[in-house]
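What follows is the residue order along each chain.
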Amino acid sequence: MIIKNPLKQTQYKSRLGMEVLPGCNLLHLTDSQRHELKQSLWEHGVIVVKNQQLTASELEEFAIKTFGNLMFGGNSFSLDPDLPPDIQSQYTAILGNPKGFDQEPPEKIYGARVWHQDKDGVPRREELDMNALYVVMLYTIKVPEEGENGQPHTTEYLDLVEAYNNLDPSYQKELEGISMYQMPPMFDRQNLDWDDVPKKVHPIVSTHKVTGQKGLYLGSWNTAIPLGMEDKREEAKQYWQDLFQTVLKRTPVYSHVWEPGDIIFWDNSQVMHRGTFYDSTKYQRIGLRLGVVDCQ
Ligand SMILES: O=C(O)CCC(=O)C(=O)O
Ligand SMILES: [Fe+2]
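How each quantity is defined
Residues numbered from 1 in each chain as written. Chains lettered and ligands numbered in written order. Predicted model: local features only at pLDDT ≥ 70, side-chain atom pairs only at ≥ 80, totals over all residues. Helix = DSSP H or I, 4+ residues; strand = E, 2+ residues; numbered from the N terminus. Rg over C-alpha atoms; globule rule 2.2 N^0.38 Å. Buried ≥ 20, exposed ≤ 12 C-beta atoms within 10 Å, placed from the backbone. Contact = placed C-beta atoms within 7 Å. Pairing = 2+ DSSP bridges. Axes fitted to C-alpha atoms, helices over the stretch in contact; angles between N-to-C directions. Near = placed C-beta within 6 Å. Nonpolar A, V, L, I, M, F, W, Y, C, P; charged D, E, K, R; others polar. Core = buried A, V, L, I, M, F, W, Y, C linked by C-beta atoms within 7 Å. Expected span 1.5 Å × (residues − 1). Arc of directions from axis to C-beta.

S.K.: Where do I start with the overall build of the chain in this structure?
M.R.: Along its length, the chain carries six helices and 15 strands. Relative to a compact globule of 296 residues, whose C-alpha radius of gyration would be 19 Å, the chain shows 19 Å and is just as compact. By residue count, 39% of the 296 residues in the chain fall in the buried class. Within the chain, counting contacts between residues at least 6 apart in sequence, those at least 24 apart form 81% of the total.

Quick look at the structure:
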């Protein structure tokens, strides 16, 4: 386990990234193992199950059985003839360069390398509030031999419960009084009228639906706007960045070093994350990614 942030490095033992169900095949879990997996996820924010071998459809089937069938996107699915069918399914996204090494330049700018939370689809769904338990599973079939700066390839996570606990009590109190609009990413890409953008208001200090713990909910730099800053977009972005930098300085980062066959689960109600760079002209990454709202 790599913990990157210097603060508290020596005594810090992250609750994130715990390995669960060693030796189990996710396709053959008992009800009690399924329950154990979910309890561990709520308790730890990020968990990993190792040595799995699944097709995309099997990953989908597992997600439905464990969390329910509320997934976003995937409506216009058709098989890509240039990729093996077993890594494709309606709701599974393929991350990386599954068709082989890229030509220049190495791995294009990739939004997921910026710190963010993944509840992009939630503001569009009337029946959900921002506190919905949106879980993402990332199953890595092929891992680049090298990541950033000669280090192993990783995905990074930030514990937002820890982040809240690390703030000064006066700052905690101040944040308790502030809510932000959360919007889907299209908000930043298109010049839409404010009234036409799906959005949901959520307090910065959020209470987890299952554990009852307080943590921060920040969303993403370009799609979270504090109430009252609707017409001041630049100010809103600056506010978010300042808050996020304060959080980042005080909260250790858990860096998951990928091995083929790992499935990471993260609970977007309590962690932020970011993908990291790898040279896609030299190395290959194949990851299957699925997001689901827990309705069980
Ligand atoms: O590429 C990664 O490791 C993270 C991707 C990501 O942010 C996501 O799948 O939501
Ligand atoms: Fe993400």
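S.K.: Teacher, can you tell me more about the sheet that holds strand 15 (residues 286–293) here?
M.R.: Across the sheet, which stays open at both edges, the six strands sit in the order 2-3-13-5-15-4 with mixed pairing between neighbours. Sheet topology places strand 2 (18–19) and strand 4 (93–96) at the edges, where each strand pairs with a single neighbour. In the sheet, strand 4 pairs with strand 15 via four bridges, with the strands oriented antiparallel. Considered in strand 15, the bridge of I94 is made with L288. On top of the sheet, helix 1 (residues 31–44) reaches strand 2, strand 3 (46–49), strand 5 (134–142) and strand 13 (263–267); it is set at about 140° to strand 3, its chief contact. On the sheet, helix 2 (residues 56–67) packs against strand 5 and strand 15 and is oriented at approximately 25° with respect to strand 15.

S.K.: Please explain the site of ligand 1 as it appears in this structure.
M.R.: By nearness alone, every residue bordering ligand 1 is listed as L95, A112, D118, V136, L138, T155, H273, G275 and R289. Looking at the shell around ligand 1, the elements that each hand over two or more residues are strand 5 and strand 14 (271–275). For the shell around ligand 1, a count of residues per class yields four nonpolar, three polar and two charged.

S.K.: Is there a simple way to think about the nonpolar core in this case?
M.R.: Soluble, globular proteins show a tendency: their nonpolar side chains are buried together. By size, the foremost hydrophobic cluster in this structure holds 59 residues, and its most contacted members are L59, M137 and L216. Sort the elements by how many residues they give to this core and strand 5 lands first, with six residues.

S.K.: Got a minute to help me understand the pairing of strand 7 (residues 179–182) in this structure?
M.R.: Side-chain positions along a regular strand alternate between the two faces of the sheet. Of the pairings in the sheet, the one linking strand 7 to strand 8 (residues 200–203) comprises four bridges and is antiparallel in character. By the bridge assignment for strand 8, M180 is matched with H202. The pairing of strand 7 with strand 11 (residues 224–226) spans three bridges and is classified as antiparallel. From the neighbouring strand, Y181 faces strand 11, where its bridge partner is I225.

S.K.: What is the right way to read the environment of Y217 from this model?
M.R.: Topologically, Y217 is positioned in the loop between strand 10 (214–216) and strand 11. As for Y217 and Q270, which are separated by 53 residues in sequence, their C-alpha atoms are 7.4 Å apart. Setting aside residues up to four positions removed in sequence, Y217 forms contacts with M130, H202, I204 and S206.

S.K.: What exactly am I supposed to notice about helix 2 here?
M.R.: Working note: α-helix, 3.6 residues per turn, so residues spaced by three or four point in the same direction. Look at helix 2: 16 Å from first C-alpha to last across 12 residues, which is about the 16 Å you get at 1.5 Å a residue. Turning to helix 2, its buried residues number three or more, namely A56, L59, E60, F62, A63, T66 and F67. Around the axis of helix 2, the buried residues are gathered within 160° of arc, so they sit on the same side. In this fold, the buried residues of helix 2 make contact with helix 1, strand 5 and strand 15. At the exit of helix 2 stands G68, carrying a positive phi of roughly 120°.

S.K.: Quick question: what am I supposed to make of unusual backbone geometry here?
M.R.: With glycine set apart, most residues show a phi of negative sign, and most peptide bonds adopt trans. That bond from E104 to P105 is cis: its omega, -15°, falls within 30 degrees of zero. Despite not being glycine, L21 shows a phi value in the positive range, around 45°. Mapped onto the elements of the fold, L21 is located in the loop between strand 2 and helix 1.

S.K.: So what exactly am I meant to see when it comes to the environment of P226 here?
M.R.: For P226, the location among the structural elements is in strand 11. Between the C-alpha atom of P226 and that of K200, which follows or precedes it by 26 residues, the distance is 11 Å. The residues contacting P226, other than those within four sequence positions of it, are I178, M180, A236 and Y239.

S.K.: Please explain the sheet that holds strand 7 as it appears in this structure.
M.R.: Backbone hydrogen bonds are what pair the strands of a sheet, in a parallel or an antiparallel way. The antiparallel open sheet is built from three strands, whose spatial order is 8-7-11. The outermost strands of the open sheet, each flanked by one partner alone, are strand 8 and strand 11. This sheet shows a mean twist of 35° between the axes of neighbouring strands, independent of strand direction.

S.K.: How should the pairing of strand 13 be read in this particular structure?
M.R.: When you tally the buried positions in strand 13, you get five out of five residues, the bulk of the element. Going residue by residue along strand 13, you find I263, F265 and D267 tucked away on one face and I264 and W266 tucked away on the opposite face as well. As paired elements, strand 3 and strand 13 share four bridges and run antiparallel to each other. When the bridges of strand 13 are listed, V49 appears paired with I263.

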